[in-house]
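# Per-entry structural report
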Amino acid sequence: MTENGDRMIDEGGPVAPAADAITGVLEPYEVFRQEKDGDPMRHGGNVMAPDAELALHYAREMFGRRGESIRLWVVRRADIAVLEDLDLLQPPLDRSFKKPGGYVMRDKLAAARERAGTAKPKARE
Amino acid sequence: MTDPRALDPILAPRDRTDRPDGADRTARPWNDDLPHDERYELFEVHVLAGGKIEPNDWMPDEYRTAVLRFVEMHANSELMGVLPEREWIMRAPTLRRKLALTAKVQDEVGHAQLLYRVAEDLGKPREAMFDDLLAGKTKFHNVFHYPTRTWADIGIIAWLVDAAAIVAQQALRDSSYGPYARTMQKICWEESVHIMHGRDVVVTLMTGTDSQRAMVQEALDRWWGPLMQMHGPRSDRTKDRDLHWRIKAKTSEELRQEFLTIYVPRILELGLTIPDPALSFDKATGEGGEAGEPGEWRYTDPDWAELRTVVTNHGPMSEERLEFRRVSREATAWVRAAILAEPRAVA
């Protein structure tokens, strides 16, 4: 006998909640994982879950099953603030002065050496 | 309903350190509720083996204080370090130089933001750090207590002061405090552009008129002393707790040697004279350089009395810089208040 053995026979009564009683909603949760001590947290993927607790369980199954993570951060996707407007992030302006490639010194250095009468220093290592 | 125990650890705290499968050390056993000395020992084993500490980890008060002091001083230096340079934004010789200098100042303040965040997580509120900076209870780097007299100073600062700083900062990318180490990776990337900008300014001046060249030499003469003092006096490796806990990786003398090895040839290449007749590389002694090859730089002992005077806010510009900071903090107080204020309906 099972605990609810009387329910094993279909007596026509409700054995499962009616469809309209399901109130939970699955939502995407983004999973960030740290592979080894000291590493930055990197995006791993996402899981669908009805709440944060189950999201942790699923994340553990999906991203921790092979011992490949030492820490997981699980965040409801709806809680992530996103900015992806390239006009703001990569404005179409010359910003080369902010990058190493914006400074080409070879010719200037050669001119400075000639002016000073010095030789090019030997490369290190 | 999930099993409430499903996310509980499988092994008891004490069984988690030596895993028979030799797997990566995943347990953080010092976080468990153990007697202080036991925790302390587990913490030390982890850190001395090159492990990282994260903000939510338990850590001994001494470690927390040491990291906080180190990061706070670094943050203060980034914040105060832009003041000598900002004075030259309006006087930059070309639009491109003005853009580059503005971007550098913006970057450095950004570094201060990142570093104050790291420090805040260790338990000291940002406002308390600003209070202490203005009250002279905490310090900022010696080089930012001096005036910037000419445009050549801007080149020398961006090239050589940033270079001396980056030598130290690169050694911090492997700090035992995880958030600091990761922040330093971003900061070092940005600093490398500042060095290019500074070197470009200097090299351009050195291909210019005689008076421009003389201006660079005059700037180097003034900055060389503070540059040599910047990393601090030689210290005993075995007594340095920051080294012991791997908060930092190198002694002040190692950093100074490294700086000299890289930059002395580049300075001399331009026909500049380094204002220290005793400066020479002695191949016979020491273990200078990253590669640990024999040889070390000899130089006139830096003026440590000057360093002490300057970093205790008795430098030529200390008061003026702190006053500027005080005034701008007051002038921007309404912004911080507005961010935290209750939203009010607007008609």
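Residues numbered from 1 in each chain as written. Chains lettered and ligands numbered in written order. Predicted model: local features only at pLDDT ≥ 70, side-chain atom pairs only at ≥ 80, totals over all residues. Heavy atoms only, no water.

Next up on the list: the overall build of chain A. Of the regular secondary structure elements, chain A holds three helices and three strands. Looking at chain A as a whole, 18% of its 125 residues are labelled buried. Once local pairs closer than 6 in sequence are excluded, the contacts in chain A between residues at least 24 apart make up 42%. Of the roughly 9700 Å² that chain A leaves accessible, carbon and sulfur atoms contribute 53%. (Helix = DSSP H or I, 4+ residues; strand = E, 2+ residues; numbered from the N terminus. Buried < 20%, exposed > 50% of the residue type's maximum accessible area, 1.4 Å probe, protein only. Contact = heavy atoms within 4.5 Å. Areas by Shrake-Rupley, 256 points an atom, 1.4 Å probe, with all protein chains shown as cover.)

All names here are of chain B. For the pair helix α2 (residues 61-86) and helix α5 (residues 151-170), the least separation of the axes is 12 Å and the interaxial angle reads 170°. If you check the angle between α2 and α5, you find them roughly antiparallel. The segment α2 lies against α5, with His74, Glu78, Pro84 and Glu85 engaging Ile154, Ile157, Ala158 and Gln169. A breakdown of the residues in the contact of α2 with α5 according to their chemical character gives four nonpolar, two polar and two charged. (Axes fitted to C-alpha atoms, helices over the stretch in contact; angles between N-to-C directions. Parallel < 35°, antiparallel > 145°, perpendicular 65-115°, else oblique. Nonpolar A, V, L, I, M, F, W, Y, C, P; charged D, E, K, R; others polar.)

This part is about the nonpolar core. Most often, soluble globular proteins have nonpolar side chains that are buried together. Ranked by size, the top nonpolar core spans 95 residues in total, and within it Trp224 and Phe259 of chain B carry the most contacts. Sorting elements by how many residues they give to this core places α5 of chain B first, with 14 residues. With sequence-adjacent residues up to four places away left out, Trp224 of chain B is seen in contact with Phe259, Leu260, Ile267, Ile274, Pro275, Asp276 and Leu279 of chain B. Within the second largest apolar cluster, seven residues are counted, among which are Tyr29, Val31, Ala49 and Phe63 of chain A. (Core = buried A, V, L, I, M, F, W, Y, C linked by side-chain atoms within 4.5 Å.)

Attention now moves to the confidence of the model for chain B. Averaged over all residues, the pLDDT of chain B equals 90, while 90% of them reach at least 70. At the level of individual helices and strands, chain B shows its lowest average pLDDT in helix α12 (residues 333-340) of chain B, which scores 90, and its highest in helix α7 (residues 210-229) of chain B, which scores 98. (pLDDT = per-residue confidence, 0-100.)

Taken together, the 42 residues of chain B in the interface contact 35 residues of chain A. For the pair chain B and chain A, the summed buried area comes to about 3200 Å², and 59% of that belongs to carbon and sulfur atoms. The three residues of chain B that bury the most area against chain A are Leu7, Arg96 and Glu269 of chain B, which together make up 20% of that side's buried surface. The tally of links from chain B across to chain A stands at five salt bridges. Among the ionic pairs, Asp94 of chain A bridges to Arg96 of chain B, the shortest N-O distance being 3.7 Å. Across the chain B-chain A interface, the total number found is 14 residue pairs in polar contact (both at pLDDT 80 or more). With nine residues, helix α6 (residues 178-206) of chain B is the largest single contributor of residues to the side of chain B that touches chain A. Tallied by class, the residues present in the side of chain B that touches chain A amount to 15 nonpolar, twelve polar and 15 charged. (Buried area = accessible area lost by both parts, 1.4 Å probe. Salt bridge = Lys/Arg side-chain N within 4 Å of Asp/Glu carboxyl O. Polar contact = N/O pair within 3.5 Å; in protein donor to acceptor, adjacent residues only side chain to side chain.)

Taking 1.5 Å per residue as the helical rise, α6 of chain B with its 29 residues ought to reach 42 Å, and the 42 Å between its terminal C-alpha atoms agrees with that figure. α6 of chain B sits mainly inside the fold: 22 of its 29 residues count as buried. (Expected span 1.5 Å × (residues − 1).)

Residue and element names in this part refer to chain B. Its identity as a non-glycine residue notwithstanding, Arg246 has a phi of 60°, on the positive side. Checked against the element boundaries, Arg246 lands in the loop between α8 (241-244) and α9 (252-269). What makes Arg246 partly exposed here is its relative accessible area of 33%. The phi dihedral of Asn313 falls on the positive side, at around 70°, and the residue is not glycine. On the basis of relative accessible area, Asn313 is assigned to the buried category, the value being 11%.

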